[in-house]
Amino acid sequence: MTERSINIAILAIGGQGGGVMAEWVVELAERGGYLAQYTSVPGVAQRTGATIYYIEIFPEAAAKARGGDPVLALMPMPGDVDIVIASELMEAGRAMQRGLVTPDRTTLIASTHRVFAISEKSAMSDGRSDGSEIIAAAEARARRFVHIDMDAAARDGGSVISAAMFGALAGSGALPFPRNLFEAVIRDAGRAVAGNLATFALAHDAAAGNGVAAAPVPIPALDKAERQVSAAVAELLARIERLPFIVQQMATEGLRRVVDYQDIGYGSLYLDRLEAVVAADQAAGGDRQRHELIIETARHLALWMSFEDTFRVADLKTRGARFARFRSEVQAAPEQIVDVTEFMHPRIEEVCDSLPAPIGRAILGSPLLIRAAGRLFQRGRRIRTTSLSGFLLLYILAAGRRMRRTTLRFRRESAEIEAWLARITSAAAIDYRLAVEMAVCQKLIKGYGDTHARGSASFARLMDAYDRGRTTPGFAAKLRQLCEAALADDSGAALDAALDGL
Amino acid sequence: MAERSFAREVEKLRAGAGEIFHGEGILAVTKALLQSGVSYVGGYQGAPISHLMDVLADAEDIMSELGIHFEASASEAGAAAMLAASVNYPLRGAVAWKSVVGTNVASDALSNVASGGVTGGALIIVGEDYGEGSSIMQERTHAFAMKSQIWLLDPRPNLTSIVNAVETSFELSEASNTPVMLQLRIRSCHVYGRFTARDNQRAAFGLGDAMQNPVRDTNRIVLPPANFLHEHEKVDRRWPAAIEFIKNRKLNEFLGGYTLDAGIIVQGGLYNTLIRALETLGLADSFGKTEIPIYVLNVTYPLIDDEIVGFCADKKAVLLIEEGQPEFIEHQMNSVLRGANIDARLIGKSLLPRAGEYTGQVVKDGVAAFLREYAPTMAPAADKPADPAASNIAALGDVVPARPAGFCTGCPERPIFTAMKLAEQDVGAYHVSCDIGCHLFSILPPFNIGNTTMGYGLGMAGASAFQANAAQRTVAVMGDGGFWHNGLTSGVGNAVFNGNDGVLVLVDNGYSAATGGQDILSSRGANSRRNTHHPMASAIRGIGVEWIRTVRSYDVGGMRRELVAAMTTTAKGPKVIIAESECMLNKRRREAPLERQAIAGGKRIVKERFGVDADTCTGDHSCIRLSGCPTLTIRDNPDPLRDDPVAHVLDDCVGCGHCGETAHAAVLCPSFYRAELIFNPGLWDHVKARIRGIIIEFLQRRSDARRACFAF
C-alpha cells in the first residue's frame, strides 16, 4: 500500500489557543520524523468566531524514498480527514455538519463542555442547544469517538484548552507518536510549562480511558425534615404533607422561598393560596394530569410572592453565604482581601414602591414631587458592600422587610397575584391545559426596572387576551403561543403579531 | 505594536544558501524578497496579508542592513505609488495588500505605473481574500491585471513554488517592463512548510544611487502624447516579451500523463486541491503522479496561446478549473482554440459551479463528472450509496448554533454600541452608516446596528446623501484606521466642505485593530520606528469641524448623553464624537506580563473583575443583549424554582467595567458586582479588613440565626 498523509482538522473558537495547538502538532510531527504542512483561515474568525486549523503530516522516510515532496492539501475534504479535534461540543457538531467526520476513517476527539453562542446566550429565556444530540450523532458518525471535558482538564491543570486538546490527542493514540514526545514539545515551547503539562496529563488520562464520561452524579436523596424545626414550621410542613405526593417537593421549595423572603405568616398565606388551586385541580381531574397545575402554580406562586424589591435585593446582597460565594467565584485566595461594589439603580418608581402605600402613591401622583425626588435618583449608585458604610446601608434596608406589607409594591403585587389565581381557578373549570398555561404565564414577569416593566406589560396583555378569548376552543395552545411570542424579542414585535393573529 | 510579533521568526530570514527554511507563507515571501535584491518594500495591512506587513515591520533591522527601505504605507494607493521608483531606475521593489479591496484603492497608481512601464522589477503581492474566512465582497483581482495589463502569477501553493514565483516575477517584470502581481490565496499566506533558502542579495544599484543621479524620461510619464504611445507599447513590445519569457522559463507546468485524450487545466493555486481530489478518486498518488494530463497555469495572465493549443490539440475534451467569476480564462481560451481551429471541448463553468470557492469536494465532484462524460475508462465508480448516518447531519442544522465574529473580551468598542442602542430609546430609530473595522461587528448579534458599509474610511461619506431637512439625523461610524486611510478627507473634510449635518462616531482605540493592531498616526504607545501621537481631534479641528466631543468609550451613560446631544443640537455642520479607549487586546498584551511581574515582586496590585449574583439574576439576559462579551455567558440556574439559565461571568473577564456601566445606564438589574482582589495588601488594608470583618460578620451571624429559627 502506498503511504498517504495523516490529515488532522482542529476546530476551535477564537481565543482558545487553536493556533498554539496546531503549532505543537507540527513540531511533534517533525520531531517524530514526519513532514508537516499546516494552514488556517484567521482574519475575522480570530475575533471569537469558529476557526478551522488544518494539518497534514507525511512520513519523511517515504518522501525520501520517492525522492520528492508529497502534494499536501490546504483544506480538509469530507471523507479525507483522519483526526478531528473539537475544542467544544458544538464545534464537534460543526465538524460533522461539514462532513469532516466519516465512519470509515475519522477519530473524533471532542470536548463535552459548552461555550454558548450569542444566539443561545441572548434568548430571553432558555435558548441553549441540546448537546446530547451532538453526542448521539458523533457516536453514529465517527470511526472512534473520544470525548472528555477539556475545560475541566484545563481548569484543574491550571492551563488552557490547547493543552487539554494536545493531551486528549496523545491519550487517544490516534497519532503514531509516544507520550514523551508530546510532552517534550510542551516543555521546549517554554511557556507556562507546569500548567500545560498538568493539563496535558489530565486530558491524556481521560482520553486514554476511552473517553468514558465522568461517573454520573448521584441523585441526592429527598431532604426529609429530619432536623428539628420550630412548631410554626412543623405546622406548615404538615399542610404540605396533605398535598398529593407528587407536588410536595415543589411546594416545599416554594414554601422555603416565601418564608425566607418574609416570615411564617407569609408562608401560611402561600399555602392558603396554593390550597385554593389544589381544590380547583382536583375538581378538574388533576390526578389524571399528574397534578401539573399544582406543581406549576406552586413554582410560579412562590416566584411571584418573592418579587425582587429593594428589601429583598439588600437582604440577598448582605448575607454571609453570598460573601462566601463571591469569594469563590472570583477565585480569591483564602486570606485575600476582596472588595465588592454593587451596581444599583433604584429609580424614583422603585423608591416609591418601597414606601408605605399612601405616601408612595402621593408622590407618584404628583408630577412636581416626582420631578423633584426623581432628580435624586437619576444616576446609578455604586455601593461597596464590603465597606462598613455600604454594608450598613444595605443591612438596614434589608430590615425594611418588616414593613414590606405596608408598601405600595406589596399591595400592588398582592392584588395582581389574587387576580392571576382567580384566572387559574376559572381556567381550570374550562380546560385543565388552559389553567396550566395560565400558571406558567407568570414567567413573563421577571427582572428589574425596564425589564420588569416590559414583562409586566406583556403579562397584562396576555391576561387581557385571556379574558376576551378564554372560552374559545383550543385557547390553551394560543395562550402558550402568546407566551412564547412575548419571550421572542424585547421590542414586543412578535407579541404584537401574535395578538393580531388572534 | 502589532497583535502578533514575528521578532523571533524574522531571525530565520538571515538563512543562507542551502539551509532549509521552515515557516509560514508570508515569511517565505519576505525571504524571497530579500533573495531577490529589492530596494524598497511597502504595503497596507489587511487579512490575509496583515502578517506579511507585520513580518516586514519586525524585519526592518535585517532589511536596513541590506539597504532596503520599508514603509507602512498610509493606504494601498500610497503603496502602489511607491512603485514609481522602479520606473526610471533599475530598482526592484515590492508592495503588498489585501485584494480585491486594496487593489480597488490602489488602482489609480496601478494604472499609471502599468501605462508608463517599469525599468526595475516591480512586484505587487496581493492576498486574495476569497472563499471561506473572507470578510469582503467576492470579486477577482484578475480583472485588474487584464484592464491595466499587469502580469498575474498564481503559483502552486507550496513554499518552494511561491518563493520561486517571487524571484521570477522580478525577472519577468524587467524582461517585459511591466509590473507583476503575485496572487496568494488566504491559505497560502498562512501555510506552514519548508523550502531551501538562497543567500540574501543587496541591490547593486541602490536607492542612494538613484537619488544622486536622477533620470528623467518624458516618454515614461502618463501625459499626451506618451500615454498613446504606452498603449501601443503594451501590445507591440511588452506583451510579446512577457510571452517569450514565460515560455522560455517554463513558468507554466505540464504535469501528469501524456497519453489520455482528456486533460485538466488548473490555476496553480488550486493544484494541490486537484491532486487531492484525484487521490481520493484513486487516480493519483500522494506525490501527484497521475495518468491524467495536467496543464498548470502558474501564470494566469497573460495566457500562452502556443501552450494552450499544444495541450489541447490531441484531446477530445479539457476540464478548466478556474475559480471565481466572470470566467475570464475560459473565455480567452475558447477564443484561442477557436482561432487555432482546435476541436477539443473546453469544459469549465458549464460543469463546475459558476460562483463560490472551489473546495476539495467541489473539485472532486467536478473531476468525477468530467471523467464520467469524457474519459469513462478513468472514471471512478458512481458515488457510494447514501451514508446511513447522513440523516444526523441534516438534524444537526437545528442544533449547532452559528458563531459569528464579535468584539473581544473587554473591547472598548462594545460600549459604544450599547450606548447607540440606548440612545435610540431617547431619540428614536436612526440610520447608521458603517465603516470597515472591528466596529463593523455591530451589524451582527447582539447589537444589530448598521445599515450599509461602503468601504474602509467611507462610513461618513456613506451617509453624505442624507441631508434633507428631516426630523432625524443619521449617524456614521468610522475607526481610526479608516480615518487615516482616507476618512479624514473623504468623510470629515467632505462633510465640512458641503456643510453636511450628520453625526460621526469616531472610534479611537489607538491602532488599526481589525487588521491586527498595527500602529497608526494617532497611536499612543511607544514606537521607536514610527512617528505617532498625532490626535485625530487636532486633525478634524484643523479641517474645520467645530462640534467635537471626546468621551471615554466605557462611559456608556456619557456616550449616550453625547449621542443625544449630537442628534438634537441646533448646531450646523458635522458633529463628531470621539470615543477613545485603547484596544483591549493590545492593552492586555502590554500590561498583563507587567502585572504578573509586579504581583510576584510583592507590589500592592488591585485586580478587578466582574461577577453576577445568581440569587438576584432572574434569567432575562437583557445584559447579554446589550453586550455580547465572550466572558458574559449563562449557566444552569441554581434556583430549584427557575429553569431559565442565569447570567455568569467567566474567569477570563478583564474587568473593563462595561457590564456595570450598562447595568447603570440601561437600569438593568442589581446582579452585577465588581470584585477588587488585592494582591500584596499593605498594613492599612489589613487593619481595615479586620475591623470591617468583625462587624460585618457579627451582623451576618445575627441574621443567619434569625433565619435559622424558621429554616427547614
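Chains are numbered independently. Their residues run from 1 in the order of the written sequence. Here chains are named by letter from A upward and ligands by number from 1 upward, in the order in which they appear as written. Thresholds applied to this predicted model are a pLDDT of at least 70 for local features of residues and 80 or more for the giving and counting of side-chain atom pairs; totals over whole chains, interfaces and linings are not thresholded and use all residues.

Novice: Describe the overall build of chain B, and please don't skip the residues or the numbers.
Specialist: Broken down by element type, chain B carries 24 helices and 24 strands. Comment: burial labels come from other C-beta atoms within 10 Å of the residue's own C-beta, placed from the backbone, where a count of 20 or more is buried, 12 or fewer is exposed, and between is partly exposed. Counting only residues that meet the buried cut, chain B has 54% of its 712 residues in that class. When contacts within chain B are restricted to residue pairs at least 6 apart in sequence, long-range pairs at least 24 apart make up 78% of them. Comment: elements are numbered from the N terminus, with helices defined as DSSP H or I runs of at least four residues and strands as E runs of at least two. C-beta atoms are placed from the backbone for every residue, and two residues are taken to be in contact when these atoms lie within 7 Å.

Novice: Can you break down helix α7 (residues 161-172) of chain A residue by residue, with the values?
Specialist: All names here are of chain A. What a helix should span is 1.5 Å times the count of its residues minus one. For α7, with 12 residues, the first-to-last C-alpha span of 16 Å sits near the 16 Å given by 1.5 Å per residue. The element α7 is largely enclosed, with a buried count of 12 among its 12 residues. Looking at α7, one finds that the buried residues are Ile 161, Ser 162, Ala 163, Ala 164, Met 165, Phe 166, Gly 167, Ala 168, Leu 169, Ala 170, Gly 171 and Ser 172. At the exit of α7 stands Gly 173, carrying a positive phi of roughly 70°.

Novice: Can you tell me about unusual backbone geometry, naming the residues and giving the values?
Specialist: Residues and elements named next belong to chain B. Across the junction of Tyr 301 and Pro 302, the peptide omega takes the value 5°, indicating a cis bond. With respect to the helices and strands, the residue Pro 302 is situated in the loop between β12 (299-301) and α13 (305-312). Going from Gln 325 to Pro 326, the amide bond is cis rather than trans, its omega being 5°. Tracing the backbone through its elements, the reader meets Pro 326 in the loop between β13 (317-321) and α14 (328-339).

Novice: A description of the packing of α7 of chain A against helix α9 (residues 193-208) of chain A should follow, citing residues and the corresponding values.
Specialist: All names here are of chain A. Orientation is described by axes fitted as lines to C-alpha atoms, over the contacting stretch for helices, and by angles from 0 to 180 degrees between their N-to-C directions. For the pair α7 and α9, interaxial distance at closest approach is 7 Å and the crossing angle is 40°. Between α7 and α9, the angle falls in the class oblique. In this structure, α7 crosses over α9, and the sense of that crossing is right-handed. Here Ala 163, Ala 164, Phe 166, Gly 167, Ala 168, Ala 170, Gly 171 and Ser 172 of α7 lie close against α9, whose contacting residues are Asn 196, Thr 199, Phe 200, Ala 201, Leu 202, Ala 203, His 204, Asp 205, Ala 206, Ala 207 and Ala 208. A class-by-class count of the residues in the contact of α7 with α9 yields 12 nonpolar, six polar and one charged. The cut-offs work like this: below 35 degrees is roughly parallel, past 145 is roughly antiparallel, 65 to 115 is roughly perpendicular, and the gaps in between are oblique. Two helices cross in a left-handed way if the nearer one is turned anticlockwise from the farther one by less than a right angle. They cross in a right-handed way if the turn is clockwise. The nonpolar class holds Ala, Val, Leu, Ile, Met, Phe, Trp, Tyr, Cys and Pro. Asp, Glu, Lys and Arg form the charged class, and all remaining residues, Gly among them, are polar.

Novice: Explain the interface of chain A and chain B residue by residue, including any values.
Specialist: At the interface, 109 residues of chain A touch 93 residues of chain B. Take the side of chain A that touches chain B: its biggest share by element is eight residues, from strand β7 (residues 337-344) of chain A. For the side of chain A that touches chain B, the residue count by class is 51 nonpolar, 30 polar and 28 charged. In this structure, β7 of chain A lies alongside strand β24 (residues 672-679) of chain B, joined through six bridges in antiparallel fashion. Note that in β24 of chain B the partner of Glu 342 of chain A across the bridge is Tyr 673 of chain B. Only when DSSP finds a minimum of two bridges between them are two strands counted as paired.

Novice: Lay out helix α20 (residues 408-430) of chain A with the relevant residues and their values.
Specialist: Side chains three or four residues apart in an α-helix point the same way, a direct result of the helix having 3.6 residues per turn. Helix length check: α20 of chain A (23 residues) gives 34 Å between terminal C-alpha atoms against 33 Å at 1.5 Å per residue, within 8%. Of the residues making up α20 of chain A, those classed as buried are Leu 408, Arg 409, Phe 410, Trp 420, Leu 421, Ile 424, Ala 427 and Ala 428 of chain A.

Novice: Any chance you could break down the environment of Thr 359 of chain B for me, citing the residues and the numbers?
Specialist: The topology assignment puts Thr 359 of chain B in the loop between β14 (345-347) and α15 (360-374). Residues Thr 359 of chain B and Leu 274 of chain B, 85 residues apart in the sequence, show an inter-C-alpha distance of 9.4 Å.

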